[in-house]
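Understanding the architecture of this molecule
Residues per chain are reported as follows:
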Amino acid sequence: QVQLVESGGGLVPPGGSLRLSCAASGSIFSINAMGWYRQTPGKERELVAGISNGGFTNYADSVKGRFSISRDNGKNMVFLQMNSLKPEDTAVYYCNGLRDKVSWGQGTQVTVSS
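Residues numbered from 1 in each chain as written. Predicted model: local features only at pLDDT ≥ 70, side-chain atom pairs only at ≥ 80, totals over all residues. Heavy atoms only, no water.

1. Remarks on the nonpolar core
Selection rule: In plain words, nonpolar cores are sets of buried Ala, Val, Leu, Ile, Met, Phe, Trp, Tyr and Cys residues tied together by side-chain atoms within 4.5 Å. Think of it in three bands: with a 1.4 Å probe and only protein chains considered, a residue is buried below 20% of the maximum accessible area for its type, exposed above 50%, and partly exposed in between. Secondary structure elements follow DSSP: runs of H or I of four or more residues count as helices, runs of E of two or more count as strands, with numbering from the N terminus. The contact criterion used is simple: two residues touch if any of their non-hydrogen atoms lie within 4.5 Å.
Membership of the largest hydrophobic core comes to 26 residues, with the highest contact counts inside it found for Trp 36, Leu 80, Met 82 and Tyr 93. Of all elements in the fold, only strand S3 (18-24), strand S4 (34-39), strand S5 (46-51), strand S7 (67-72), strand S8 (77-82), strand S9 (91-97) and strand S10 (108-112) reach the threshold of two or more residues within this core. Per-element tally for this core: the top contributor is S3, with 4 residues. Sequence-distant contacts of Tyr 93, that is, excluding residues within four places in its chain, are made with Glu 6, Leu 20, Trp 36, Tyr 37, Arg 38, Val 48, Phe 67, Leu 80, Met 82, Gly 107, Thr 108 and Val 110.

In structure tokens:
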């Protein structure tokens, strides 16, 4: 079973940037499409970005133009570059497959605040 570990979150002011990393204990290629999700205490989990094995990407409207997802299959890692961060981006961010999900990791907290 693939295990996922997210990292890179932190406290950043509005307009700032963060780069999140997702490390997998096994091949993420076998999971096929991967995504970054986020969740706040009072909200449903939201898919913010997805990427196929071939590198095709898609984004939630709320993050288009600001976030960029990428993957390194050789290193079994997925990344999320977040620019022009807004307070509403504050959430716990998780990675997982889009269709073929494995156990959720603990996520990484992103807090956008002055």
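Once you've had a look at it, read on.
2. Concerning the sheet that holds S10
Put simply, the rule reads: Two strands pair if DSSP finds at least two bridges between them. Think of each axis as a best-fit line through the C-alpha atoms, taken over the contacting stretch in the case of a helix, with angles from 0 to 180 degrees between the N-to-C directions.
Strand order in the open sheet formed by 6 strands is S2-S10-S9-S4-S5-S6, and the pairing between neighbours is mixed. The sheet is open, and its two borders are formed by strand S2 (10-12) and strand S6 (57-59), each paired with just one other strand. The average undirected angle you get between the axes of adjacent strands in this sheet is 25 degrees. Alignment of S2 against S10, held across 3 bridges, turns out to be parallel. Within S10, the position partnered with Leu 11 by the bridge is Thr 111.

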